[in-house]
Amino acid sequence: MAEKLPKSDDLKATWSFVEPGLQLILGSDSVATVTPKMYMNVYTAIYNYCINKSRTPTQDSSYGSGSNSTTNASLVGGEIYLKLQQYLIEYIQQLEKKPEESFLQFYVRRWVRFTIGAGYLNNVFDYMNRYWVKKERSNGRRDIYDVNTLCLLTWRDFMFRPNLEILLEEILTQVELQRLHKIELNMEISFAIKSFVSLGFDINDLKKQNLSVYITDFEKAYLDATLKFYTEESDEFLETNGVVEYMKKVDTRLAEENSRANIILIEHTKRPLADVLNNALIERHVEVMYEEFNNLLDQKQTEDIYRMYSLLQRVPPTLEPLLIKFEAYVKQQGLKAVAELKQSQAAAESMGAASKKYQALLPKLYIKTLLQVYERFNEVVYMAFGNNPLFVKSLDNACRDYINNNSIAMPGIDNNGPTVFKGNSKTPELLARYGDTLLKKKAKDSDATADMSADELMNIFKFIADKDAFETHYRRLLARRLINGNMVSEEEEESIIQKLKEFNSLEYTTKMSNMFADMKASKDLRYWFKEQEESDNTDLNIFVLSQTAWPFPQFKQPFTLPDELLGTKEQFEKLYSEKHSGRRLKWLWNLCRGEMKANLARPGKPPFILTVNLFQMSILLPFNKRETYSFEELHEITNLTPEHLESCITPLVKYKLLIQSPEGSENTGKSSTKFTVVKEYKSKKMKVNFMQGVKLDQKHDHDDAQKEIEDDRRSFLQACIVRIMKARKVLKHSALINEVVQQSHARFQPSVGDIKKAIDLLIEKEYLNRVDGDSYEYLA
Amino acid sequence: MAPRSVQKLVESFKEVTDLRDSEATAWLTKYKWNLEDAVEAYLTQTSMNSQGQNFLTQEQKGSLISLFNKYKQDGEDYIGIDGTIQYIEDLEFEVEDPVVLALAEFLESTQMGVFERAKFVNNWEKAGISSIHEMRQKVLEFQRSLENDEQFLKKVYDFTFKFLLDNNQRTLLKDTAVEYWKLLLSHYFGEEKMSQWCQFINDEWQFAITKDQWQMLFLFMSEWNQKDNFIESYDENAAWPSMMDTFVEYLRAKTSS
């Protein structure tokens, strides 16, 4: 290549001069390499040719569009372009595969070299590219290309197309071998696949990427092969290894495919590939996964559940059945746990265990049972479902279901039936009693409440459907704790009320807050009363409670207050009415209790302190005057009904403070029976409590609570309807029902029947009127 | 408006109505000189007036009043119990006939066995009726309507509730209600359906009947009468009073057992 540059106007000479160089640039099997000098010579020869020709336009004109000679007058390149095109075809056609290499290897080897060469070639023909090609293309010639593109197109048409089938086959075979882990991932196929990308062109804008070759000639075949491979593999693998192993396998497979795709494929394929994999590996096998789900829950295989979840999550619609299964499972577990508790209770009772003790334990055991199920699956939702809101909701639904409606809460109702909250669930009451157990001072030795907490109470509270029922029961028990002074801590009490308020509403806890306010006011009142009082021989611990907030029904039975207490009572009433004119005091004698000093101890010992209720006190006080009274006489003195008198006197006899004659409980209530106070009382304890033996009417209390709840609901519904109708004036029946249900939601779940009864009543009271058959109007 | 066209309108109005100029002008002014409107309003009003005032001749009205006097209670201005019984008898109907309720509705009676003079005279007069014979024809007409005109039956039925109440009562004793349900509705809605309803009230219902319940029962019966599977497809969530829910539940329990 040391010869002189050819004459610039001689095409043939020029071409002969550059051809050997072109061969080297594109790559030949010879050992010779491109030298900078040669490169420069070739470039210059082509440059000279183009320049010279352009300066002296010739009549033979140019290749292509030469109809208008003036346009081509100064730009020449057509002949040499044709020469080059012809040369490229010949060059590619003479490439040969070595005997020891596969077609793929040959293709990739040549392709890599060729693309580098094409780049150089493009530079060598730079002048032609910049002037002649550009001019031709801007004149609308779409079949003239820059030299790089020309190289690639020629490759496409004379190497790629004729060999596409074998190329594709070898690529796919390589991929399959990789999938079977017979060979490592290698870069060869990556180059081969990328050539599909490079060979796509947008005829109108050569710089724009065009994936048509990649998509039609490669991607589709790749996806088909993938689908086929995994369809077969997954069927077989599942058959032999089962779901759990299969899911692990899928995990690995998906990771492998992902890293393969990153290396050999382009971004475009990721979505369709994921679809194919999801279909072959997941969607086709969801049913067996669903079937396995309950087993995994049974065996608490959180990791496998997580795996199943993350697989199904790749195809969101497949999660829906899992949600349903999960909800049903949690519900069933909840019901099962409660049923077991019920059975063990029943067994314990039939074994003769003191049923009273079990009754007292029930709230705690029951709430604990409910909680355990909730906590177990709350953890599953957290660990396996990543707190996915859909699963949180399913868990909530299931919990609301089994917590409100189970064999203990609704003994009469078949739990397999549809979920309707007909009748009243016992859960609110049991939860209130759980709270009472937690918050009430316990017997000294007991640490039964060590594992109970306000948080547990709140966890169940949020699932309670009848929040109003809980409030009523809780408030009744709170009232007893407050006036009996057996709270564990006031802060704890108030913090629970604070939580209830936050969770529900300010209104929800109004009554309870008022009760605390009454307690504080009563305390101040007591100090004030003490100051006012002239004599202080009585230690009066009085509570003044507002009737609306406290659940104590008026005391209506006959009773005569002993003279000893009458003075204090009257004095208090007088002073109180001076302080607050217009307020009326009603005395709840049935809630009063007191301590009495009894000088019945052996001489030299301190007196006994007897804790008694007010009625017992009124029975005992007369014994200061005489030693013996008949039942009839006590009845006259106290004015208590015989039944009431008998129930109060029984513990006094039982614990041997009074001696009954004749003996026997059947005689206690007979009017002639005599009671004599002992001369010397025998007890190891200095303080004796006689109140515990008095029978309390608990059933009555429960009915009261139930009645209160129902009355409140009735008036709530009526008020709610009036409020809605006042705002809307006219409303359709169904819309009204919906609004009422919505507004009641935070308190209870009203039935349509209850709402309709309230509507009937309001029509009757002429608050509402029917219009058009299914609407109501508000009558102001 | 130009005097000439005014005059023209007045003339046209007079052609139709036969009124004096001043009266014609007044009508036309009232209807903003729209001839058609004015004529129509005039004709409507005058025809109404003549109906109201000229239905009975003086002579006829006299006999209507003496008819009232014949039955009216001594010293009072209304027909009392005895007079009513006699009146019904003279009309050749039984006192227990449901048509008596239609008559009571027609004569705007407020209470069982009481027909006030003004209501009696005005209502018969409006109908152009003055003799006992014509009255019987009218009552026969009521009787036919009770049998085949649901709107008419409903009017009489709704009237009956208020008619049966004592002064300060708001609800009807269930026994009374049952008695009148049978009397009024059995024929129209069928013996079987009514007796099912009445049996339900007798056996299961413990309250007095409200106006709403009374009125809604008619619609309930009407739908039951029209739809074959009304009870099967009854929707408790619809706007029926809850009493109907209870009844349907009762019926369904009865059929399933």
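Predicted model, so just to flag it, every value in this text is computed and none were measured. (Residues numbered from 1 in each chain as written. Chains lettered and ligands numbered in written order. Predicted model: local features only at pLDDT ≥ 70, side-chain atom pairs only at ≥ 80, totals over all residues. Heavy atoms only, no water.)

(A) Spotlight on the interface of chain B and chain A. Listed per partner, the contact involves 16 residues of chain B and 14 residues of chain A. Both sides of the chain B and chain A interface together cover about 1100 Å² of buried area, and 43% of this is carbon and sulfur. Our enumeration of links across chain B and chain A arrives at 3 salt bridges. Residues Asp212 of chain B and Arg770 of chain A are paired through a salt bridge, measuring 2.6 Å at the closest nitrogen-oxygen approach. For the interface between chain B and chain A, the tally reads 11 residue pairs in polar contact (both at pLDDT 80 or more). Classifying every residue of the side of chain B that touches chain A by side-chain character gives 7 nonpolar, 4 polar and 5 charged. (Contact = heavy atoms within 4.5 Å. Buried area = accessible area lost by both parts, 1.4 Å probe. Salt bridge = Lys/Arg side-chain N within 4 Å of Asp/Glu carboxyl O. Polar contact = N/O pair within 3.5 Å; in protein donor to acceptor, adjacent residues only side chain to side chain. Nonpolar A, V, L, I, M, F, W, Y, C, P; charged D, E, K, R; others polar.)

(B) Up close: helix 27 (residues 752-764) of chain A. Helix length check: helix 27 of chain A (13 residues) gives 18 Å between terminal C-alpha atoms against 18 Å at 1.5 Å per residue, within 8%. Following helix 27 of chain A by one or two positions, Glu766 of chain A has its phi on the positive side, about 65°. (Helix = DSSP H or I, 4+ residues; strand = E, 2+ residues; numbered from the N terminus. Expected span 1.5 Å × (residues − 1).)

(C) Structural context of the packing of aromatic side chains. All names here are of chain A. The final tally for this structure, using the stated rule, is 78 aromatic pairs over all chains. Both rings, one in Phe623 and one in Tyr629, keep their centres 5.0 Å apart while their planes meet at 80°; by these two values the pair is edge-to-face. A single burial state applies to Phe623 and to Tyr629, both of which are buried. The ring of Phe461 is capped by Lys467, whose NZ or CZ atom sits 5.2 Å from the centre of that ring. Between Arg526 and the ring centre of Phe543, over which it is positioned, the NZ or CZ distance is 5.0 Å. (Phe/Tyr/Trp six-rings, centres within 6.5 Å; stacked < 30°, edge-to-face > 60°. Buried < 20%, exposed > 50% of the residue type's maximum accessible area, 1.4 Å probe, protein only. Lys NZ or Arg CZ within 6 Å of the ring centre and 35° of its normal.)

(D) Representation of unusual backbone geometry within the structure. For the bond from Ser661 of chain A to Pro662 of chain A, the omega torsion is -5°, close enough to zero to count as cis. Turning to its location among the elements, Pro662 of chain A is positioned in the loop between strand 4 (658-661) and strand 5 (674-677). Phi at Glu766 of chain A is positive, roughly 65°, even though this residue is not glycine. Looking at the secondary structure, you find Glu766 of chain A in the loop between helix 27 and strand 8 (768-771). The backbone phi angle of Glu108 of chain B is positive, close to 50°, even though this residue is not glycine.

(E) Region of the structure containing the sheet that holds strand 4 of chain A. Residue and element names in this part refer to chain A. Pairing within the open sheet is antiparallel, and its 3 strands lie in the order 3-5-4. This sheet does not close on itself; its edge strands, each paired only once, are strand 3 (628-630) and strand 4. Taken pair by pair, the neighbouring strands of this sheet meet at an average axis angle of 25°, ignoring direction. Sheet topology places strand 3 next to strand 5; 3 bridges connect them, and they run antiparallel. Bridging across to strand 5, Thr628 finds its partner in Thr676. (Pairing = 2+ DSSP bridges. Axes fitted to C-alpha atoms, helices over the stretch in contact; angles between N-to-C directions.)

(F) Here's a closer look at the sheet that holds strand 8 of chain A. Residues and elements named next belong to chain A. As summarised here, the arrangement of the 3 strands in space is 7-9-8, forming an open sheet in which the pairing is antiparallel. Looking at which strands have only one partner, the edges of the open sheet turn out to be strand 7 (730-732) and strand 8. Between one strand axis and the next, the sheet turns through 30° on average, direction left out of account. Strands strand 7 and strand 9 (775-778) of the sheet are contacted by helix 26 (residues 733-744), whose axis makes an angle of about 90° with strand 7.

(G) The arrangement of the domain arrangement of chain B in detail. All names here are of chain B. Along its sequence, chain B is organised into domain 1 (3-53), domain 2 (58-148) and domain 3 (151-256). Here the C-alpha centre of domain 3 lies 29 Å away from the C-alpha centre of domain 2. At the interface, 15 residues of domain 2 touch 13 residues of domain 3. Taken together, both faces of the contact between domain 2 and domain 3 bury some 1300 Å²; the carbon and sulfur share is 76%. Looking only at domain 2, the three residues that lose the most surface to domain 3 are Leu101, Glu105 and Leu146, adding up to 44% of its buried area. Here domain 2 and domain 3 share 0 salt bridges between them. Where domain 2 meets domain 3, there are 0 residue pairs in polar contact (both at pLDDT 80 or more). The set of elements that each furnish at least two residues to the side of domain 2 that touches domain 3 consists of helix 6 (99-106) and helix 8 (132-148). If one sorts the elements of the side of domain 2 that touches domain 3 by residue count, helix 8 sits on top with 5 residues. (Domains from an automatic or database assignment.)

(H) Just the domain arrangement of chain A, in detail. Considered domain by domain, chain A is made up of domain 1 (11-161), domain 2 (221-294), domain 3 (315-504), domain 4 (518-589), domain 5 (592-696) and domain 6 (699-778). Using C-alpha coordinates to define each centre, domain 2 of chain A is positioned 80 Å away from domain 4 of chain A.

(I) Quick peek at the pairing of strand 9 of chain A. Residue and element names in this part refer to chain A. Where strand 7 and strand 9 come together, 3 bridges link them in antiparallel fashion. Looking across to strand 9, one finds that Lys732 is bridged to Ser775. Pairing analysis gives 4 bridges linking strand 8 to strand 9, with the strands arranged antiparallel. Each residue of the ladder has a partner; that of Leu768, found in strand 9, is Tyr778. The turn joining strand 8 and strand 9, which pair antiparallel and follow one another in sequence, is formed by 3 residues; a positive phi near 50° is taken by Asp772.

(J) Up close: a nonpolar patch on the surface. All names here are of chain A. On the surface, a nonpolar cluster with roughly 340 Å² of combined accessible area is contributed by Leu185, Met187, Phe191 and Ile263. Here Met187 is to be found in helix 8 (residues 187-198). Judged by its relative accessible area of 47%, Met187 falls in the partly exposed class. (Patch = residues over 30% accessible without salt bridge, like charges linked within 9 Å, V, L, I, M, F, W, Y side chains within 5 Å. Areas by Shrake-Rupley, 256 points an atom, 1.4 Å probe, with all protein chains shown as cover.)

(K) Broad picture of the environment of Asp451 of chain A. For Asp451 of chain A, the location among the structural elements is in the loop between helix 16 (427-439) and helix 17 (454-461). A polar side-chain atom of Asp451 of chain A sits 3.0 Å from a polar atom in the side chain of Lys364 of chain A.

(L) Broad picture of the nonpolar core. Counting residues in each nonpolar core, the largest one holds 161 residues, and the members touching the most others are Phe125, Phe326 and Phe385 of chain A. In terms of residue count, the dominant contributor to this core is helix 9 (residues 212-264) of chain A (16 residues). In this structure Phe125 of chain A touches Trp15, Leu22, Ile46, Ile80, Leu84 and Val147 of chain A, once residues within four positions along its chain are discounted. One finds Val139, Val178, Leu185 and Met221 of chain B within the second-largest nonpolar core, a separate group that totals 68 residues. (Core = buried A, V, L, I, M, F, W, Y, C linked by side-chain atoms within 4.5 Å.)

(M) Broad picture of the pairing of strand 2 (residues 608-613) of chain A. Residue and element names in this part refer to chain A. Counting buried residues in strand 2 gives 5 out of 6 residues, a clear majority hidden from the surface. Judged from the 6 bridges that link them, strand 1 (residues 593-598) and strand 2 form a sheet pairing that is antiparallel. Looking at strand 2, one finds that Lys597 is bridged to Ile609. Relative to strand 6 (residues 687-689), strand 2 is paired through 3 bridges, and the arrangement is parallel. Bridge pairing in strand 6 places Thr611 opposite Asn689.

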